[in-house]
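# Structural features, examined
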Amino acid sequence: MKKLFLLFWVACAALFLDARTIVLSSPGSLHDALAKVAAYDTLLIHAGVYTCVNETIRVPLTIIGKDNPVLDGQLTDEVLIVTANHVTLRGLQVRNSKCGSMKDHAGIRVFKAQHVTIEHCILQNTFFGIYLSDSKNIVVRHCSSKGANYGKSDTGNGIHLWKCDSVRIEHCHLDGHRDGIYLEFAKNCHMQRNYCEKNYRYGLHFMFSDNDTYVQNTFTNNGTGVAVMYSKGVHMFHNNFINNWGDAAYGLLLKDMDHGIIRGNVFKNNTVGITMEGGNNMHFEENNFLNNGYAMKVMANCRLDTFVRNNFSGNTFDASTNGELKENLFSNNYWDKYTGYDLNRDKVGDVPYHPVSLYAVLVEQMPYAVML
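## Things to note about the overall build of the protein
- Tallying secondary structure elements over the protein gives three helices and 38 strands in all.
- Taking contacts inside the protein between residues at least 6 apart in sequence as the whole, the part at least 24 apart equals 42%.
- Summing over all exposed atoms, the protein offers an accessible surface of approximately 17,400 Å²; the carbon and sulfur share of this is 54%.

Right, here's the structure in full:
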């Protein structure tokens, strides 16, 4: 067994020893360069503009851009496609993918690959920015993607995940897309310190994606807000949901969610801070709800949810519902509208506070009553 293990590492070392660095300078051909590379080579691309239409990476490879070279899809099709494991893309500008209603054309597509890293890349005027499909152990960090100039109805998502596992998205800036980040059937993913703004629909949108974690992201000035649906084991820590205004806008929508933790987040200047429908065993702790129209709308089909040590300040309505919330726990929250007393000075009100006012119930049942 030891001999077999040693032979394996000798074979791997031989592969890396044979690896080369191939230099591409403008005006060069990316197609010709990719035809020459072997497994584990490094392709160094100098500054310039290179035509890149459906160029596919089929072997383990590192591509490094020096002074941000441009890979231009010329609005013809997709730009760069990765189908191999152990690929790194760094320091590239990718732009001008095709827009189409029959295919989700992307600036960078990763398909059925593992251990791929995309970092310090700039995507401009692409239908979809980065599209990850059927892939695992992917890292996307320090990238930016600006939505295409096709118009609101013909704009795809900034970073799109479909049937993925163990993806990390960190320090990315996404604006002007349909959704900033979109996940479907994506599990065990981690999103941290991303900034999603001015997207036409959602800053973040995901469905059927379990055991994902979102930390220190900012979602601001998006068309509707953030939508999280049909998932379980989702944790959202220290994120900012701010400035999402409109007649159907909210900071965060939770629909049919189970066993999630929402802790230490800021919901500020939204039409609705949180809208939750069908939430079960959700835990809300130490969140700040500041200057929203509604801090929370919690529908009557939510059960066994806990709201502990949250701060409600400056909201028009602290809470609203369409029924009764008998099976949910509210404890040790701060309510700026509380007018009770604290005779024993333990900083806990002696009289329970009822955050759902009669007026909030009337507005929920008769929306036109908001004129009053």
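## Some thoughts on the environment of G323
- Topologically, G323 is positioned in the loop between β36 (317-320) and β37 (329-331).
- Judged by its relative accessible area of 37%, G323 is partly exposed.
- Each C-alpha atom of the pair G323 and M299 lies 6.9 Å from the other, and the pair is 24 residues apart in sequence.

## Side note on the packing of aromatic side chains
- Counted by the stated rule, this structure contains 14 aromatic pairs.
- Residues F241 and F267 carry aromatic rings whose centres are separated by 4.7 Å and whose planes lie at 5° to one another, so their mutual orientation is stacked. Residue F241 is located in strand β26 (residues 240-242), and its partner F267 is located in strand β29 (residues 266-268); the two are separated by 26 residues in the primary sequence. By the burial criterion, F241 is buried, and F267 matches it.
- Considering the side-chain rings of F312 and W335, the 4.1 Å spacing of their centres and the 10° angle between planes classify their relative orientation as stacked. Of the two residues, F312 sits in strand β35 (residues 311-313) while W335 sits in strand β38 (residues 334-335), which places them 23 residues apart along the sequence. Across the pair, W335 and F312 agree in class, each one buried.
- An aromatic cluster is defined as three or more aromatic residues linked by ring pairs; in this entry it consists of F219, F241, F267, F289, F312 and W335.
- When the ring centre of Y294 is taken as reference, the NZ or CZ atom of K297 above it lies at 4.4 Å.

## Quick notes on the pairing of strand β27 (residues 252-258)
- In the sheet, strand β24 (residues 225-232) pairs with β27 via six bridges, with the strands oriented parallel. Residue pairing for β27: S231 is matched across the bridge by M257.
- Where β27 meets strand β30 (residues 272-280), six bridges bridge the pair, whose relative direction is parallel. From the neighbouring strand, L253 faces β30, where its bridge partner is T275.

## A closer look at unusual backbone geometry
- Its identity is not glycine, yet H142 carries a phi of approximately 55°, on the positive side.
- For H142, the location among the structural elements is in the loop between β14 (136-141) and β15 (144-147).
- By relative accessible area, which is 38% here, H142 ends up partly exposed.
- Even without being a glycine, H259 presents a positive backbone phi close to 50°.
- Mapped onto the elements of the fold, H259 is located in the loop between β27 and β28 (261-263).
- Note on H259: relative accessible area 53%, which makes it exposed.

## Section: the pattern of salt bridges
- As enumerated under the stated definition, the model contains 15 salt bridges in all.
- Between E327 and R303 there is a salt bridge, with its nearest N and O atoms 3.2 Å apart. Of this pair, E327 sits in the loop between β36 and β37 while R303 sits in the loop between β33 (294-298) and β34 (306-308), and the two are 24 residues apart along the sequence.
- Connected through salt bridges with shared partners, the residues D77, E78, K103 and R109 form a single ionic network.

## Details of the state of the cysteines
- Under the criterion given, the structure shown has zero disulfides.
- You can see C172 has no disulfide; the closest cysteine sulfur is in C143, sitting 4.8 Å from it.
- Here C172 falls in the buried class, since its relative accessible area comes to 2%.

## Thoughts on the environment of G73
- Residue position: G73 is located in the loop between β6 (70-72) and β7 (80-82).
- Residue classification places G73 among the buried positions, given a relative accessible area of 0%.
- Sequence separation of G73 and N96 is 23 residues, and the distance between their C-alpha atoms is 5.0 Å.
- Setting aside anything within four residues of it in sequence, one finds G73 in contact with C52, V53, V79, R95 and N96.

## Some words on the confidence of the model for the protein
- Looking at the protein as a whole, the pLDDT averages 88, with 85% of positions reaching at least 70.
- Residue range residues 4-16 is modelled with pLDDT below 50. Its contacts to residues more than four positions away, or to other chains, number two contacts.

## Quick notes on the side chain of S145
- When you line up the elements, S145 lands in strand β15.
- By relative accessible area, S145 is classed as buried at 3%.
- The contacts of S145, once residues within four sequence positions are left out, are L123, T126, G129, G158, H173, L174, D175 and H177.

## A closer look at the side chain of R109
- Structurally, R109 is set in strand β10 (residues 106-111).
- At 2.8 Å, the side chain of R109 forms a polar contact with the side chain of E78.
- With residues near it in sequence (within four places) discarded, R109 still touches E78, L80, I81, V82, D104 and Y131.

Scoring rules and cut-offs
- Residues numbered from 1 in each chain as written.
- Predicted model: local features only at pLDDT ≥ 70, side-chain atom pairs only at ≥ 80, totals over all residues.
- Heavy atoms only, no water.
- Helix = DSSP H or I, 4+ residues; strand = E, 2+ residues; numbered from the N terminus.
- Contact = heavy atoms within 4.5 Å.
- Areas by Shrake-Rupley, 256 points an atom, 1.4 Å probe, with all protein chains shown as cover.
- Buried < 20%, exposed > 50% of the residue type's maximum accessible area, 1.4 Å probe, protein only.
- Phe/Tyr/Trp six-rings, centres within 6.5 Å; stacked < 30°, edge-to-face > 60°.
- Lys NZ or Arg CZ within 6 Å of the ring centre and 35° of its normal.
- Pairing = 2+ DSSP bridges.
- Salt bridge = Lys/Arg side-chain N within 4 Å of Asp/Glu carboxyl O.
- Disulfide = S-S within 2.5 Å.
- pLDDT = per-residue confidence, 0-100.
- Polar contact = N/O pair within 3.5 Å; in protein donor to acceptor, adjacent residues only side chain to side chain.

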